[in-house]
Amino acid sequence: MCNTGRVHRDQLRQEIVTLLRSYSVEAQHVGHAFAQRHGLHPTDLQALIAVMHAEGRGDPLTPGRLGEEIGLSSGATTAAIDRLERAGHLRRSRESADRRVVHLRYGEPGMALAMAFFGPLGQRTDEVMAGFGDAELATVHRFLAGMNEALSAHHREVVGG
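Bear in mind that the values here come from a model prediction, so they are computed numbers and not experimental data.

## Examining the packing of helix 2 (residues 42-57) against helix 3 (residues 63-70)
Direction vectors running N to C along helix 2 and helix 3 enclose 115°, while the axes themselves pass 10 Å from each other. Crossing of helix 2 against helix 3: the hand is right-handed. Counted together, Thr43, Gln46, Ala47, Ala50, Val51 and Arg57 of helix 2 and Leu66, Glu69 and Ile70 of helix 3 form the full contact between these two elements. Residue classes in the contact of helix 2 with helix 3 are distributed as 5 nonpolar, 2 polar and 2 charged.

## Observations concerning a nonpolar patch on the surface
On the surface, a nonpolar cluster with roughly 450 Å² of combined accessible area is contributed by Leu12, Ile16, Val140, Phe143, Leu144 and Met147. Looking at the nonpolar patch, the elements that each hand over two or more residues are helix 1 (3-37) and helix 6 (134-158). The dominant element in the nonpolar patch, judged by the number of residues it contributes, is helix 6, at 4 residues. With a relative accessible area of 38%, Leu144 lands in the partly exposed category.

## A few points about the layout of surface pockets
The gaps left among the atoms become clear once a water-sized probe is rolled over them. In this structure, the second largest pocket encloses a volume near 240 Å³. As for the second largest pocket, its lining consists of Arg9, Leu12, Arg13, Gln14, Ile16, Val17, Phe143 and Met147. A per-element tally of the lining of the second largest pocket places helix 1 first, with 6 residues. Among the residues making up the lining of the second largest pocket, the classes are represented as 5 nonpolar, 1 polar and 2 charged.

## Re the pairing of strand 2 (residues 103-106)
Here strand 2 shows a buried face lined by His103 and Arg105 and a second buried face lined by Leu104 and Tyr106. For strand 1 (residues 90-93) and strand 2, the ladder comprises 4 bridges, and the chain directions are antiparallel. Across the sheet, residue Arg91 finds its bridge partner in strand 2, namely Arg105.

## Some points on helix 3
Taken residue by residue, helix 3 has Leu66, Gly67 and Ile70 as its buried positions. Projected down its long axis, helix 3 shows its buried positions confined to an angular sector of 100°, all on one face. The inward-facing, buried residues of helix 3 abut helix 2, helix 4 (74-86) and strand 2. The positive-phi residue at the C-terminal boundary of helix 3 is Gly71, with phi of around 75°.

## Overview of the packing of aromatic side chains
Within the structure shown, the criterion is met by 3 aromatic pairs. Between Phe34 and Phe118 the ring centres are 5.1 Å apart and the planes differ by 40°, which places this aromatic pair in the tilted class. Here Phe34 is found in helix 1, whereas its partner Phe118 is found in helix 5 (residues 108-130), with 84 residues between them in sequence. Phe118 sits in the partly exposed class, given a relative accessible area of 27%. Ring geometry for Phe117 against Phe118: centres 4.8 Å apart, planes inclined by 75°, an arrangement best described as edge-to-face. Taken together through their ring pairs, the aromatic side chains of Phe34, Phe117 and Phe118 make up a single cluster.

Quick notes on the rules
Residues numbered from 1 in each chain as written. Predicted model: local features only at pLDDT ≥ 70, side-chain atom pairs only at ≥ 80, totals over all residues. Heavy atoms only, no water. Axes fitted to C-alpha atoms, helices over the stretch in contact; angles between N-to-C directions. Helix = DSSP H or I, 4+ residues; strand = E, 2+ residues; numbered from the N terminus. Left-handed = near helix turned anticlockwise from the far one by under 90°. Contact = heavy atoms within 4.5 Å. Nonpolar A, V, L, I, M, F, W, Y, C, P; charged D, E, K, R; others polar. Patch = residues over 30% accessible without salt bridge, like charges linked within 9 Å, V, L, I, M, F, W, Y side chains within 5 Å. Areas by Shrake-Rupley, 256 points an atom, 1.4 Å probe, with all protein chains shown as cover. Salt bridge = Lys/Arg side-chain N within 4 Å of Asp/Glu carboxyl O. Buried < 20%, exposed > 50% of the residue type's maximum accessible area, 1.4 Å probe, protein only. 1 Å grid on protein atoms, 1.4 Å probe; cavity = no way out; pocket = protein on both sides within 12 Å on 5 of 7 lines; lining within 4 Å. Points joined across faces, edges and corners; volume = space filled by probe spheres on them. Pairing = 2+ DSSP bridges. Arc of directions from axis to C-beta. Phe/Tyr/Trp six-rings, centres within 6.5 Å; stacked < 30°, edge-to-face > 60°.

Geometric values such as these leave the question of function open.
This is how it looks when you write it as structure tokens:
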């Protein structure tokens with residue numbers, strides 16, 4: 001690679017890192033706005049996102065797994081679940097033969113609030129993605145999956161697990 005090409009690549013890499021950082025900050029701002037509008041603690045929003053992702057994977061979280069995933073003690077996890085359940089964002093469900101096992105599900109009232117708030121963002125992201133071809137989206141997907149894995153691996157390392 002010639003020197004000009006290397007300089008261009010380095011500049012592009014730096015711009016991508018800056019854009020990722022900016023995206024992360026903006027996403028946090030949007031999440032905080034949702035939490036503030038609906039009287040949620042920032043931790044409550046993390047819990048909701050974790051529950052939603054687990055349900056999307058077809059592997060609903062138990063309270064213990066939720067606490068592990070977002071780094072809360074048992075007591076703090078129970079308090080967050082109680083707040084979210086009272087507000088209609090979560091519901092506890094006993095689905096296994098062992099009735100002691102509780103799974104956490106996204107509550108319908110909470111889902112309606114989330115759809116009303118985040119629906120316009122979904123439309124905006126759909127508009128952005130419509131400007132990309134299938135091969136480009138596949139490349140973006142591969143890039144973001146790799147970046148997420150790098151971030152997750154670093155997180156596991158710094159928290160000792």
